[in-house]
Amino acid sequence: MTNHWIDIRNADCVLIIGSNAAENHPISFKWVERAMEAGAKLIHVDPRFTRTSSKADIYAPLRSGTDIAFVGGMINYVLNDMKQNPQNYNMDYVKQYTNAALIVDPGFTFHEGLFGEVKDSKYSAAARATWKYADKTTPATDPTLRNPNCVFQLLKKHFSRYDVDTVGNITGTPKDVYLEVCRTYAATGQKGKAGTLMYAMGATQHTYGTQNIRAYGILQLLLGNMGVAGGGINALRGTSNVQGSTDMCLLAHILPGYLAIPKEGDTNLEAYLNRARPATITPQGLAGDKSANWWGNYKKYIVSLLKAWYGNAATRANDFGFNYLPKCDPGVNYTHIGMFEAMGQGKIKGLWAWGQNPASGGPNSNGEREALGNLDWLVSADIWLNETAEFWKRPGVNPANIKTEVFVLPVACSYEKEGSITNSGRWAQWRYKAVDPPGEAMPDLEAMNLVMLKLKELYQADSAAPARDAVTNLDWNYGAHITADAVAREINGYDLTTGKLMASFGALKDDGTTTSGNWLYCNMYTEEAGNKAKKTDPIDAHPKQIGLYSNWAWCWPVNRRIIYNRASVDLNGKPFDSEHPVILNYAADTKWQGDVPDGGWPPINQAAAGEKYLPFIMKPEGVARLWGYGLAEGPVPEVYEPWESPLDKNLMSQTKTDPCSFVGSFMNNRGTPERFPYVGTTYRCTEHWQTGIMTRNLPWLVELMPEMYVEMGEELASEKGINNGDRVIVSSARGDIAAVAVVTKRFRPLQVAGKTIHQIGVIWHFGYSGMATGDSGNILTPHVGDANTTIPEYKTFLCNVRRA
Amino acid sequence: MRQLRQSLPTGTFVLGCLVILGLIPIVIRYLNGLGAISNLSDGRPWGFWISFDLYCGVALAAGGFTLAGVVYIFGREKYHSVARPAILTAFLGYLLVILALLVDLGQPWYIWHAMIYWNIHSPLFEVAICVMTYTLVLALEFSPAVFERLSELNLPVIRRFNWHIPLRIIRAIQIPLVIAGIVLSTLHQSSLGSMLLMMPHTLHPLWYTPVLPLLFLLSAISVGPAMVIFESTLSTRAFGHELAIDVLSGLGRAIPYILGLYLLLKLVDLLVAGELGLIFTAYPINLLWWTEVIIGVVTPIILLSRPAIRQSRRGVFWSSVLVIFGLVLNRFNVSMLALGMRPGFTYFPHWMEVAISVALVADALLVIWLSYRFLHIAEHGEAVAE
Amino acid sequence: MSKGTLYDATKCIGCRACQVACKQWNELPAEKTTNSGTYENPPKMTAYTFTKINFTELEHNGKFQWVFNKQQCMHCQEPGCAEACIVGALVKTEGGPVTYDEGKCIGCRYCMVACPFGIPNFEWDKPLPWIRKCTFCADRQGAGLKPACVTTCPTGALTFGERDELIAEAQRRIAEHPDKYVNHIYGVQEVGGTSWLYLSPVPFEEIGFPTLPSAPVTINAERAMAAVPPVLVGVAAAMAGIYWLVQRQQKIGQKAGEEEKQKEKVK
Ligand SMILES: Nc1nc2c(c(=O)[nH]1)N[C@H]1C(S)=C(S)[C@@H](COP(=O)(O)OP(=O)(O)OC[C@H]3O[C@@H](n4cnc5c(=O)[nH]c(N)nc54)[C@H](O)[C@@H]3O)O[C@H]1N2
Ligand SMILES: Nc1nc2c(c(=O)[nH]1)N[C@H]1C(S)=C(S)[C@@H](COP(=O)(O)OP(=O)(O)OC[C@H]3O[C@@H](n4cnc5c(=O)[nH]c(N)nc54)[C@H](O)[C@@H]3O)O[C@H]1N2
Ligand code: SF4
Ligand code: SF4
Ligand code: SF4
Ligand code: SF4
Ligand code: SF4
Ligand SMILES: [Mo]
């Protein structure tokens, strides 16, 4: 989240698209309702009418997988309306704080859904080069936004194709509802008004999921909703600590603090930095003339990280141990899908499932369960015996035929151990242990420590072990009993000269004299204030009480509650929204009041020439990007059909599916609309959690949602002779599941490209382990992934249904 | 007498079987709960037992206080011959109500809580206190029959006791006892109606009225003589004696007056409440109302108003059967059929529910049989056969 | 000083955390359920489920709606259950809750029949069953806590407080958003008022609330019970009087009869 949970209450309009916030983030709804009490409108865009929709002023249905068309049309609406009614928009924001005015490479092309040449699911380097500014370091601007090669005009041109009728034809959203959504949300473009955009998996789990989010970004920037209170793009993170685990590099492409993972070509630290560290771009002709390019500090962060990991073994001479880090091979996909593809091909020998249940949660369960059988060994460190740990005795297989050796490590659950979690709003909060774990179960951290100590011992003993130094030189110094406190301090980092905790990342050095396990968390644990994640001061000290509660917990970076907050004030430092200012009252002596500013510099108009800092300090050009730079499929989102689509062509272009998406081949059949005419989607319900192993074992929750179910509209049900509550079989090209049919008016057929499209909703909370069992929705989902992240396309596939 | 010897052994055997059959569900109830032997549910917490055992049982035992009143207070000695059997059946009737409650109540051994934790606002509390006290009164009223017999017996220890002392005491307080019985009956017969006053929204408006208590009382009084006619006809047949026809027709003569008053009150009440139209519109529930009124009220009024019918044993008997039927249907209507259920529930009595009630009735019949055999029940009125 | 809870259906997201919290606090077992084509479960309130969210799909003002509503004991101001209870096991306390004392209850189930909302439930599967219903968490209230369901409610659909203040708050909400609510606070008037109050976006009868007048269900029974002492005295006196009259007449009659006989003899 760029903002945070409580801040939702400051919104004038809440757009929930690609999330079922009421069901999956119930607490968020407290704040949505606060906003509504104060007059905010709530819009929900979802293929199905959910408990979120039930609270919405406007509910807009859409065909699953068509968000780019939907939001692209909104962008088009805003761009057109801006021309007619510029007074209704914050044009200063658009011109000064985004790259709207920047001139793009004239070589840029767009033809039939493609932004240049694609080979092997990749755009050519030549194509990618044209997506950039004409001048790569000091781009020119056109403050009038009229230059046909400026970002604004290119956007207009691109999205002019997204007219209401075309969009409606793709999404199936009724036109009147769609226009009402556009009008209502565009009203947040007014200076002083804010619209927040809440999304989650409905947006991301598509082959073009990242581009969905890009589209949201463009919309929010055009409306001046970034950096302001009640605005932002708010990813409702999944588990209570999924934000924290991403910060700490849960994903395959990053190191802690979103530092890039080293690749094969990064032969030394310098090479790595040259690739990963962005060069400063200074736009010409904007009011702001200085780009902070915060990522310019890359080296300080990576060196401090290496020092934290390798201690004295990290020296200037050995590039601070840079080469101890493993390097990614080119052309290998290290994500979940890639890993299971490799497992299916027998390339992976062992798997450690630490608090994960891929046998049920991963896409194409039949394939992934089969792939697990190719392993020599599997370790499940978990609080329950889940489907993964029991994959060898799943229904329909003979355990004798499975050779994988399975180990189970019982670990403590969240109430049985201490540590921090980082919530969606980036707040790190300390949790204390409430009860002792049962039996042999121990906190994950302790289990990991014991494993690591044993590994070090084994590596020490084996002089021929590969990459031996990378393990033996690790500064693993927690002793026999590790504490969360020790790890938290290490993550914050030390000044090696004084031995004291670092005060903040501003002081980290690239000479090996400082350490920090994660630069973003540097400032959480200081000598003066101690562990700030433990702070619980319930007073909102902000002068206008916008709900920051800055002394409750601690938030990265440096306790800044709303990031990009320098975009919430005009060039003179005056807040656009005087009721809900984020930062305010800049004075030379007292500086800013309110939130921790995104760099404490004076307002642009008060600063000296050459010191007029642009607001978006994490971007090399200092302004926000309406025009993307680095994504796989091009600089602006474009409509593609899902990998399995009910249409025979993309209504917008000749390119049917995302040209760069990842398509698996292990047991991954593709369905056709002839055999599987309905659009399937998977989602959650309030009552169950994920693969369900944590909730299907709790009788009170099983009572609420006892069985695997699927939802469908009354029209489809009557076509198929299915009554509410009947048992049905839903099938895809990958498998069949049995479920109870919930037949409801909440799913309505949509008119798309002249056809009637029915959608079927499937939960994925069931499996064969635990107390209440049933088929997993993931038996249906395909092994294909997003072009940038390879997040599986769980949200759209083709299926069929019949009475059981 | 010959008839008696031949018929009763098979009769008692059948009754005995029914009693045993009723014991099985009772055992199950104490092991597995009421849900295991009944179709009662949260939506229909009161079912067959309350309607039959309590509501019908108490009303059908009304012969006791009506006859006691007629004989002892109004001094109609003519009916003396049927008073004692009436009191006996009433006494047994009330015992059965209490026995049935021991199955029906959730906490049967706390039944005495009703005596120590008083909720004087509760009509059920009043019913409970009255029923308990009245059962005692009935026991006392009936006790002379026992004492008389005991005094005649030449048995070892019993012989030593002078049974005339308690007899004399009872005779001395007989009139206060009878008055107490009438007062208690008036109160609880009507309070059974008051109990339903608590259900203004669940009891159908065709039956719900603030004057329910009065209607209950009147219908109970009217069924008193009818029950006496019914029982004595059957018992005399079974035991081979005959009742004087003028006793029967005399009892029958009173019925039309009471029923007439009852019917008038029922109609006027609906009229005043502006709900008279419901008897035509509230289909299908109005069919129950019509059945109750036509068969159980109007027809007996007509029949028993005709001397010819009153003079025929069969005529009086069958008219009484109609009155009883009407009352039973009325009690079932108000306590079950016309009482709304919670949404989504259905109810049809489980066979075990019925079995328990049948067993209790069989119990009573057995006791009556024993009483006739061993006590002087009917000898007062052993009229000569016509 | 009487507590109440305001349930605002426009704020309820049907998450049913309240249902679970209630079971947790009251240590109620889970029921064995099946999916019958709805999110609603258990299908009905029972002795082991004191509160339940109902889900209704309906069309109102031309707009499709999915409305949730929470059911539990309403804690009536003039509770039928308490008036009915033979032993006074159910009692309306001054603080608001209608409490139940299982040390007194005999299991007659009159309370179940007498409740206009169909709330008290029975342990049909136990040999010695008790009545069970929402306690308004009287035990928690006694310790200065809010009811478990209120504490757990994530959205603020449940507000606990002084009943009067809640009514004022409900009126304020209706006045502020007349478009969002029907102009009716359920529980202010119904059957003499209830401690639990409801706001709804659609007419209450459309989401399964019984339409009830403001008269308490208890009034007719109360009147009848008030007549008991006079009836008792009256009937006793009347009977004694009749007895006396009848006896007198009979004596006169006897005398007359004897005189007649004597006369006959004389003749
Ligand atoms: N109760 C509960 N809460 C949870 C979880 C849980 O398992 N149970 N999981 C947690 C986790 S890890 C996560 S990531 C979050 C996920 O939170 P959400 O993203 O809210 O979860 P989903 O239910 O997967 O999907 C949201 C909605 O997307 C809709 N949808 C499907 N296809 C499309 C589409 O193409 N476009 C749009 N706009 N919408 C679409 C679905 O109908 C669904 O209502 O929830 C978290 N919270
Ligand atoms: N079809 C479909 N599939 C999906 C999604 C979808 O929307 N549709 N959503 C995807 C998303 S967003 C997510 S996040 C994934 C989630 O997928 P998973 O993470 O695989 O699912 P969980 O059920 O949360 O599994 C977590 C495991 O951690 C265990 N656990 C709980 N607490 C602890 C602990 O403290 N320590 C340890 N070691 N273990 C613990 C649990 O018992 C459980 O076995 O699923 C994905 N799968
Ligand atoms: S599940 Fe936990 S984290 Fe999610 S809304 Fe509920 S309380 Fe908050
Ligand atoms: S709702 Fe029913 S159980 Fe609750 S207080 Fe009122 S009458 Fe009693
Ligand atoms: S069942 Fe218990 S609480 Fe209910 S009325 Fe009877 S005695 Fe009272
Ligand atoms: S008040 Fe207490 S007992 Fe009643 S529903 Fe809420 S949690 Fe359950
Ligand atoms: S906890 Fe609150 S929001 Fe959730 S169902 Fe209950 S009342 Fe509604
Ligand atoms: Mo997630």
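Refer to the structure printed above.
Read on for an overview of the structure.

1. Quick look at the overall build of chain B
When helices and strands are counted, chain B shows 16 helices and zero strands. Taking the principal axes of its C-alpha atoms as reference, chain B extends roughly 65 × 55 × 40 Å. Counting only residues that meet the buried cut, chain B has 57% of its 386 residues in that class. The long-range share in chain B, meaning contacts at least 24 apart out of those at least 6 apart in sequence, stands at 78%. When the accessible surface of chain B is split by element, carbon and sulfur atoms take 72% of a total near 16,300 Å². Of the side-chain charges in chain B, 22 are positive and 19 negative, and the distance between the mean point of each set is 7 Å.

2. Details of the site of ligand 7
Residues in contact with ligand 7 amount to 13 residues; listed here are only the nearest, Cys-12, Cys-15, Arg-16, Cys-18 and Cys-153 of chain C. For the shell around ligand 7, the residue count by class is 10 nonpolar, two polar and one charged.

3. Quick word on helix α16 (residues 365–372) of chain A
Residue and element names in this part refer to chain A. Counted residue by residue, α16 has six buried out of eight residues, so it is predominantly covered. Listed as buried for α16 are Ser-365, Gly-367, Glu-368, Arg-369, Ala-371 and Leu-372. Where α16 is buried, its residues meet α14 (336–344), β10 (350–354) and α15 (358–361).

4. Notes on the arrangement of the chains
The chain pair with the greatest number of contacts, out of two pairs of chains in contact, is formed by chains B and C. What separates chain A from chain B at the closest point of their C-alpha atoms is a distance of 17 Å, and the two make no contact.

5. Remarks on the nonpolar core
Nonpolar side chains tend to gather and get buried jointly when the protein is soluble and globular. Of all hydrophobic cores here, the largest spans 142 residues; its most connected members are Met-199 and Leu-203 of chain B together with Ile-86 and Tyr-110 of chain C. At 13 residues, helix α4 (residues 80–104) of chain B tops the list of elements feeding residues into this core. Judged by nonpolar contacts, the second largest core, of 86 residues, contains Ala-69, Ala-100, Phe-152 and Tyr-564 of chain A.

Cut-offs used in this document
Residues numbered from 1 in each chain as written. Chains lettered and ligands numbered in written order. Predicted model: local features only at pLDDT ≥ 70, side-chain atom pairs only at ≥ 80, totals over all residues. Heavy atoms only, no water. Helix = DSSP H or I, 4+ residues; strand = E, 2+ residues; numbered from the N terminus. Buried < 20%, exposed > 50% of the residue type's maximum accessible area, 1.4 Å probe, protein only. Contact = heavy atoms within 4.5 Å. Areas by Shrake-Rupley, 256 points an atom, 1.4 Å probe, with all protein chains shown as cover. Lys, Arg positive; Asp, Glu negative; His and termini not counted. Charge placed at Lys NZ, Arg CZ, Asp CG, Glu CD. Near = heavy atom within 4 Å. Nonpolar A, V, L, I, M, F, W, Y, C, P; charged D, E, K, R; others polar. Core = buried A, V, L, I, M, F, W, Y, C linked by side-chain atoms within 4.5 Å.

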